[in-house]
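# Observations on the three-dimensional arrangement
The chain contents come next:
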Amino acid sequence: QVQLVESGGGLVQAGGSLRISCAGSGRTLSSYTMGWFRQAPGKEREFVGASSWKGGSTYYADSVKGRFTNARDNAKTTVYLQMNGLKPEDTAVYYCAASQLVVPRQAYQYDYWGQGTQVTVSS
């Protein structure tokens, strides 16, 4: 069992940057692929990006590629999503999630979820 808690959301102007964090407890995150999803009002939950410590792979949705970056701390207890060049269409609740699969891009492939953190980008 792993518990995930996001933090660091907020309001930012278009073109700005924000970093959100996902802290894990219960088990080390190194045995999971850690993913990020987002959900805007009235829309389905959307894959943003994911990183696997085991496989050493990182991948992103086309909509955020080149602007968003996954990172982790050396203790392997916290992962981060660095968001640069933010756009109003990035406004959503952002969720981190943990999966035991290698290349999961669908929400149903993730076993554990955080509570979400709101990111709002003003134009």
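Below is a short write-up of the structure. Just so we're clear, the structure is a prediction, and the values are computed from it rather than from any experiment.

### What to know about the overall build of the protein chain
Scanning the protein chain from terminus to terminus reveals 0 helices and 11 strands. Going from N to C terminus, the protein chain has its helices and strands arranged as β-β-β-β-β-β-β-β-β-β-β. In terms of overall size, the protein chain behaves like a compact globule, its C-alpha atoms giving a radius of gyration of 13 Å where 123 residues would be expected to give roughly 14 Å. Along the three orthogonal principal directions, the C-alpha set of the protein chain runs to about 40 × 25 × 25 Å. Here the protein chain, with 123 residues, has 46% of them falling under the buried criterion. Taking contacts inside the protein chain between residues at least 6 apart in sequence as the whole, the part at least 24 apart equals 58%. Taken as a whole, the protein chain presents about 6200 Å² of accessible surface, with 48% of it coming from carbon and sulfur.

### So, the environment of Trp-53
The topology assignment puts Trp-53 in the loop between β5 (46-52) and β6 (57-60). With 23 residues separating them in the primary sequence, Trp-53 and Lys-76 have C-alpha atoms 8.9 Å apart.

### Side note on the sheet that holds strand β7 (residues 68-72)
Read from one edge to the other, the open sheet built from 4 strands follows the order β1-β3-β8-β7, with strand pairing classed as antiparallel. Of all strands in the sheet, those bounded by a partner on one side alone are β1 (3-7) and β7. Sheet twist, expressed as the mean angle between neighbouring strand axes with direction ignored, is 20°.

### Overview of the nonpolar core
Grouped together as the largest cluster of nonpolar side chains are 34 residues, with contacts concentrated most on Leu-4, Met-34, Trp-36, Phe-68, Leu-81, Met-83 and Tyr-94. Where this core is concerned, the elements lending two or more residues are β3 (18-25), β4 (33-39), β5, β6, β8 (78-83), β9 (92-99) and β11 (117-122). Leave out the neighbours within four places in its chain, and Phe-68 touches Arg-38, Val-48, Tyr-60, Leu-81, Gln-82, Met-83, Asn-84, Leu-86, Asp-90 and Tyr-94.

### Brief notes about the state of the cysteines
Under the defined criterion, the tally for this structure stands at 1 disulfide. In this model Cys-22 forms its disulfide with Cys-96; the gap between the sulfur atoms is 2.0 Å. Given an S-S torsion of about 60°, the disulfide between Cys-22 and Cys-96 has right-handed geometry. Here Cys-22 is found in strand β3, whereas its partner Cys-96 is found in strand β9, with 74 residues between them in sequence. In this structure, Cys-22 and Cys-96 share a single accessibility class: buried.

### Quick word on the pairing of β5
Counting buried positions over the 7 residues of β5 gives 6, a clear majority of the element. Of the pairings in the sheet, the one linking β4 to β5 comprises 6 bridges and is antiparallel in character. Pairing of Thr-33 across the sheet is with Ser-52, part of β5. What sits between β4 and β5 in their antiparallel hairpin is a turn of 6 residues, with Gly-42 showing a positive phi close to 80°. Pairing of β5 with β6 involves 4 bridges; the strand directions are antiparallel. Counted as the bridge partner of Ala-50 is Tyr-59 from β6.

Each value, and the rule that gives it
- Residues numbered from 1 in each chain as written.
- Predicted model: local features only at pLDDT ≥ 70, side-chain atom pairs only at ≥ 80, totals over all residues.
- Heavy atoms only, no water.
- Helix = DSSP H or I, 4+ residues; strand = E, 2+ residues; numbered from the N terminus.
- Rg over C-alpha atoms; globule rule 2.2 N^0.38 Å.
- Buried < 20%, exposed > 50% of the residue type's maximum accessible area, 1.4 Å probe, protein only.
- Contact = heavy atoms within 4.5 Å.
- Areas by Shrake-Rupley, 256 points an atom, 1.4 Å probe, with all protein chains shown as cover.
- Pairing = 2+ DSSP bridges.
- Axes fitted to C-alpha atoms, helices over the stretch in contact; angles between N-to-C directions.
- Core = buried A, V, L, I, M, F, W, Y, C linked by side-chain atoms within 4.5 Å.
- Disulfide = S-S within 2.5 Å.

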